[in-house]
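Structural characterization, general
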Amino acid sequence: MVEERNVEEMLRAVSLRVTRPRVAVLGAVSAAPHADADTIIGAVRTELGSVSKQAVYDVLAALVEAGLVRRIEPSGSPARFETRVGDNHHHVVCRNCGNIADVDCAVGEAPCLHASNSHGFAIDEAEVIYWGTCPDCLPG
């Protein structure tokens, strides 16, 4: 987990005001990578007491917009959030329990994969999700 002082520095570095909800949300995302919004809301409420769902959603949106948090959306799963940003890593998702783990870049540097036809786009990122069964869900 990122220390509160570091969280405050991270917020200031992207010109976001340091507020208790922003510090709590960024800390919660850091402490529980790949958490969904409900998990983050629970952690923030444990730390701050009463805070609305909308306030947490607003903070998450601001943190994603500022590039401090990455939002991932595996098919069939609610959006998940993580503080590992800027390295274009990928994810592996368990089909049984939904557990998510990071997978380092397939090639080494962004965008990690090269499209067979870019259609004129300047591609700077590739998002890959591997699907399988985690060790806890494997039989025997």
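All values reported here derive from a predicted model rather than from experimental measurement.

1. Description of the sheet that holds strand β5 (residues 100-103)
The strand order across the open sheet built from 3 strands is β5-β4-β6, with neighbouring strands paired in mixed fashion. Strands with a single pairing partner mark the edges of an open sheet, and in this sheet they are β5 and β6 (129-132). Direction aside, neighbouring strands of the sheet carry axes that sit 25° apart on average.

2. Structural notes on the pairing of β5
In summary, the side chains of a regular strand alternate between the two faces of the sheet. Relative to β5, strand β4 (residues 90-94) runs antiparallel, the two sharing 4 bridges. Note on β5: the bridge partner recorded for Val93 is Ile100. A loop of 5 residues connects β4 with β5, the two strands running antiparallel in sequence, and Gly98 in this loop sits at a positive phi of about 85°.

3. Things to note about helix α4 (residues 53-66)
For an α-helix, 3.6 residues make a turn, and residues three or four places apart therefore share a direction. The end-to-end C-alpha separation of α4 is 20 Å, in line with the 20 Å expected for 14 residues at 1.5 Å each. When we look at burial in α4, the residues that qualify are Val56, Val59, Leu60 and Leu63. End-on view of α4: buried residues confined to an arc of 100°, all on one side of the axis. Following α4 by one or two positions, Gly67 has its phi on the positive side, about 85°.

Criteria and cut-off values
Residues numbered from 1 in each chain as written. Predicted model: local features only at pLDDT ≥ 70, side-chain atom pairs only at ≥ 80, totals over all residues. Heavy atoms only, no water. Pairing = 2+ DSSP bridges. Helix = DSSP H or I, 4+ residues; strand = E, 2+ residues; numbered from the N terminus. Axes fitted to C-alpha atoms, helices over the stretch in contact; angles between N-to-C directions. Expected span 1.5 Å × (residues − 1). Buried < 20%, exposed > 50% of the residue type's maximum accessible area, 1.4 Å probe, protein only. Arc of directions from axis to C-beta.

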